[in-house]
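Take a look at the letters that make up each chain.
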Amino acid sequence: MSATVEAQPQPSAPVQAAYSYCEAVTGQQARNFAYGIRLLPTEKRQAMSALYAFSRRVDDIGDGTLPPEAKRERLEATRGLLDRIRAGGIDEDDTDPVAVALADSARRFPIPLGGLDELIDGVLMDVHGATYETWDDLKVYCRCVAGAIGRLSLGVFGTQPGAQGVDRAPEYADTLGLALQLTNILRDVREDAGNGRTYLPADDLAKFGCGEGFGGDTPPAGADFAGLVHFEVRRARALFAEGYRLLPMLDRRSGACVAAMAGIYRRLLDRIERDPGAVLRGRVSLPGREKAYVAVRGLSGLDTRTIARRTVRRRA
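Everything numeric here is computed off the predicted structure, so don't read it as measured data.

**Student:** What is the right way to look at the pattern of salt bridges in this model?
**Tutor:** Oppositely charged side chains may form a pair once their charged atoms are brought near each other. A full pass over the atoms with the stated rule returns 32 salt bridges. Measuring nitrogen to oxygen at the nearest pair gives 3.0 Å for the salt bridge that ties Arg 151 to Glu 118. Placement of Arg 151 in helix α7 (residues 135-157) and of Glu 118 in helix α6 (residues 114-127) is noted, with a sequence separation of 33 residues between them. Here Arg 245 ties to Glu 242 by a salt bridge, and the two come within 3.8 Å at their closest N and O atoms. In this structure Arg 245 comes out as buried when scored by relative accessible area, which is 17%. Of the residues examined, Glu 242 reaches a relative accessible area of 26% and is grouped as partly exposed.

Written as structure tokens, this is what we have:
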């Protein structure tokens, strides 16, 4: 998968309008994601916005208030739209701007659109009320809703010609997605509980006395909630360490984008680790100045160089 994309004509006015819609959705709904993709050149940034807008539509169906059967119907209709995009059946004057933008992106980049089918499968797990007994069970869900997004994004980023170990790039992108999703799960543990969802593995909850769930701003009586959080943080850090091996395989700006998005979540993980109870009291987030620092660090290539040196030492 090469980072080089042949020069293509500029999008027509209707397609450009569709991209503008997707970028507006991304900016309004996904501030961390939008912060990272602003480091990309225009064509890649637009493609990433189209991927986000489609993914957001899928997530919104799953998180909405429709009854389960109606959600399933909407999700399968969205899969049908994806089939039309895959078959080249979307015209630039189609009334759905997300479909128009994603269809154009799929023509410009080798995006593995099957990853969006996986996303739909993952959201259907939510609709069906799936729970997870073990980490291996949860990984299946995380690969659908986040690992797949990593692999889709890699289709836009491409890889550097001649990069060592590039055949494992999709694996690393997938693993980085798992790290981000596990961080999300920790951050949103109380909010998810309020919506009747439990993502952390039942085995882990039982091990730390948290099987009763998280209905308030304090842990269940007798629970070792801090121990649970620290256990999951270590798991997420191991995933980040593995997934970061993708960085030296990307061009400078794509690497900066990934380093910025992942760096924001790693810093969220740091905050959660320092104060595990914070996730029960409210939503943990980073101030804008800290996000800006992470972006500058990513653009400097510092994280990429650090990972590259570690990779060389492993091979020595």
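**Student:** How should the side chain of Gln 46 be read in this particular structure?
**Tutor:** Structurally, Gln 46 is set in helix α3 (residues 42-63). Here Gln 46 falls in the buried class, since its relative accessible area comes to 5%. Apart from the residues lying within four places of it in its own chain, the contact partners of Gln 46 are Pro 11, Gln 16, Tyr 19, Glu 23 and Ser 105.

**Student:** Help me understand empty space enclosed by the protein in this model?
**Tutor:** To find the voids left in a structure, one rolls a probe of water-molecule size over its atoms. For the coordinates displayed, the defined rule picks out 2 cavities of 30 Å³ or more. The volume enclosed by the largest cavity comes to roughly 70 Å³. Forming the walls of the largest cavity are Ile 185, Val 189, Asp 192, Ala 193, Arg 197, Thr 198, Tyr 199, Leu 200, Leu 205 and Phe 214. Top element by residues in the lining of the largest cavity is helix α9 (residues 189-194). It accounts for 3 residues. Among the residues forming the lining of the largest cavity, the class breakdown is 7 nonpolar, 1 polar and 2 charged.

**Student:** In this structure, what is going on with the nonpolar core? I would like to understand it.
**Tutor:** Nonpolar side chains in soluble globular proteins generally cluster together in the buried interior. Ranked by size, the top nonpolar core spans 97 residues in total, and within it Phe 54, Ile 85 and Leu 116 carry the most contacts. Those residues in contact with Leu 116, other than ones at most four positions away along the chain, are Leu 51, Phe 54, Ser 55, Leu 82, Leu 102 and Leu 152.

**Student:** I'm lost on the packing of α3 against helix α5 (residues 97-108) in this one. Help?
**Tutor:** When two helices pack together, their arrangement is given by the angle between the helix axes and by the axis-to-axis distance. Remark: α3 packs on α5, axes separated minimally by 9 Å, with the N-to-C direction vectors making an angle of 130°. One way to sum up the angle between α3 and α5 is to call them oblique. In the packing of α3 onto α5, the handedness of the crossing is left-handed. Of the residues in α5, those touching α3 at Glu 43, Gln 46, Ala 47, Ala 50, Leu 51, Ala 53, Phe 54 and Arg 57 are Val 98, Ala 101, Leu 102, Ser 105 and Arg 108. Looking at the contact of α3 with α5 residue by residue, the class counts come to 8 nonpolar, 2 polar and 3 charged.

**Student:** Can you help me understand the environment of Val 145 in this one?
**Tutor:** Along the polypeptide, Val 145 turns up in helix α7. Assessed through its relative accessible area of 13%, Val 145 is described here as buried. What Val 145 contacts, discounting residues up to four positions off in sequence, is Leu 119, Gly 122, Val 123 and Gln 181.

**Student:** Is there a simple way to explain helix α11 (residues 225-243) in this structure?
**Tutor:** Think of an α-helix as turning once every 3.6 residues; residues three or four places apart then point the same way. With 19 residues, α11 extends 27 Å from end C-alpha to end C-alpha; this agrees with the ideal 27 Å at 1.5 Å per step. Residues Phe 225, Gly 227, Leu 228, Val 229, Phe 231, Glu 232, Val 233, Arg 235, Ala 236, Leu 239, Phe 240 and Gly 243 constitute the buried set of α11. In this structure, the buried side of α11 is in contact with α7, α8 (169-187), α10 (202-207), α12 (252-274) and α13 (278-281).

**Student:** Please explain the confidence of the model for the chain as it appears in this structure.
**Tutor:** Segments scoring low in pLDDT should not have their predicted coordinates read at a detailed level. Mean pLDDT for the chain: 90, with 91% of residues reaching 70 or above. Counting interchain partners and residues more than four positions distant, the pLDDT-below-50 stretch residues 1-5 has 16 contacts.

**Student:** Is there a simple way to think about helix α1 (residues 13-29) in this case?
**Tutor:** Across its 17 residues, α1 extends 24 Å between first and last C-alpha, which sits within 8% of the 24 Å expected from 1.5 Å per residue. Val 15, Ala 18, Tyr 19, Cys 22, Val 25 and Thr 26 are the residues of α1 that are buried. Angularly, the buried residues of α1 cover 115° about the axis, an arc narrow enough to put them on a single face. Exposed and facing more than 90 degrees away from the buried side of α1 are Ala 13 and Gln 28. Along its buried surface, α1 packs onto α2 (31-37), α3 and α5.

**Student:** How do you make sense of the state of the cysteines when you look at a structure like this?
**Tutor:** Within the structure shown, the criterion is met by 0 disulfides. Of all cysteine sulfurs, the one in Cys 144 lies closest to Cys 142, which takes part in no disulfide; the gap is 9.4 Å. Of the cysteine sulfurs around Cys 210, a residue in no disulfide, the closest is that of Cys 142, at 18 Å. Cys 210 sits in the buried class, given a relative accessible area of 0%.

**Student:** How should the environment of Lys 291 be read in this particular structure?
**Tutor:** Residue placement: Lys 291 occurs in helix α14 (residues 288-300). Separated by 24 residues in the primary sequence, Lys 291 and Arg 267 have C-alpha atoms spaced 9.2 Å apart. Dropping the residues within four chain positions of it, Lys 291 is found in contact with Arg 31, Asn 32, Tyr 35, Ile 264 and Leu 286.

**Student:** Looking at this structure, I do not really get the packing of aromatic side chains. What am I missing?
**Tutor:** Each aromatic ring pair is characterised by the separation of its centres together with the angle its planes make. A full pass over the atoms with the stated rule returns 7 aromatic pairs. Where Tyr 132 meets Tyr 141, the ring centres are 5.5 Å apart and the plane angle is 40°; that geometry is what we call tilted. Each member of the pair Tyr 132 and Tyr 141 is classed as buried. Here Phe 240 and Tyr 244 contribute two aromatic rings whose centre-to-centre distance is 6.4 Å and whose plane-to-plane angle is 80°, an arrangement assigned as edge-to-face. A residue is classified by how much of its surface remains accessible, and Phe 240, at 2% relative accessible area, is buried. Using a relative accessible area of 3% as the deciding quantity, one classes Tyr 244 as buried. The structure contains a cluster of three or more aromatic residues connected by ring pairs, namely Tyr 132, Tyr 141 and Tyr 199. The ring centre of Tyr 244 lies 4.9 Å from the NZ or CZ of Arg 266, which sits over that ring.

Scoring rules and cut-offs
- Residues numbered from 1 in each chain as written.
- Predicted model: local features only at pLDDT ≥ 70, side-chain atom pairs only at ≥ 80, totals over all residues.
- Heavy atoms only, no water.
- Salt bridge = Lys/Arg side-chain N within 4 Å of Asp/Glu carboxyl O.
- Helix = DSSP H or I, 4+ residues; strand = E, 2+ residues; numbered from the N terminus.
- Buried < 20%, exposed > 50% of the residue type's maximum accessible area, 1.4 Å probe, protein only.
- Contact = heavy atoms within 4.5 Å.
- 1 Å grid on protein atoms, 1.4 Å probe; cavity = no way out; pocket = protein on both sides within 12 Å on 5 of 7 lines; lining within 4 Å.
- Points joined across faces, edges and corners; volume = space filled by probe spheres on them.
- Nonpolar A, V, L, I, M, F, W, Y, C, P; charged D, E, K, R; others polar.
- Core = buried A, V, L, I, M, F, W, Y, C linked by side-chain atoms within 4.5 Å.
- Axes fitted to C-alpha atoms, helices over the stretch in contact; angles between N-to-C directions.
- Parallel < 35°, antiparallel > 145°, perpendicular 65-115°, else oblique.
- Left-handed = near helix turned anticlockwise from the far one by under 90°.
- Expected span 1.5 Å × (residues − 1).
- pLDDT = per-residue confidence, 0-100.
- Arc of directions from axis to C-beta.
- Disulfide = S-S within 2.5 Å.
- Phe/Tyr/Trp six-rings, centres within 6.5 Å; stacked < 30°, edge-to-face > 60°.
- Lys NZ or Arg CZ within 6 Å of the ring centre and 35° of its normal.

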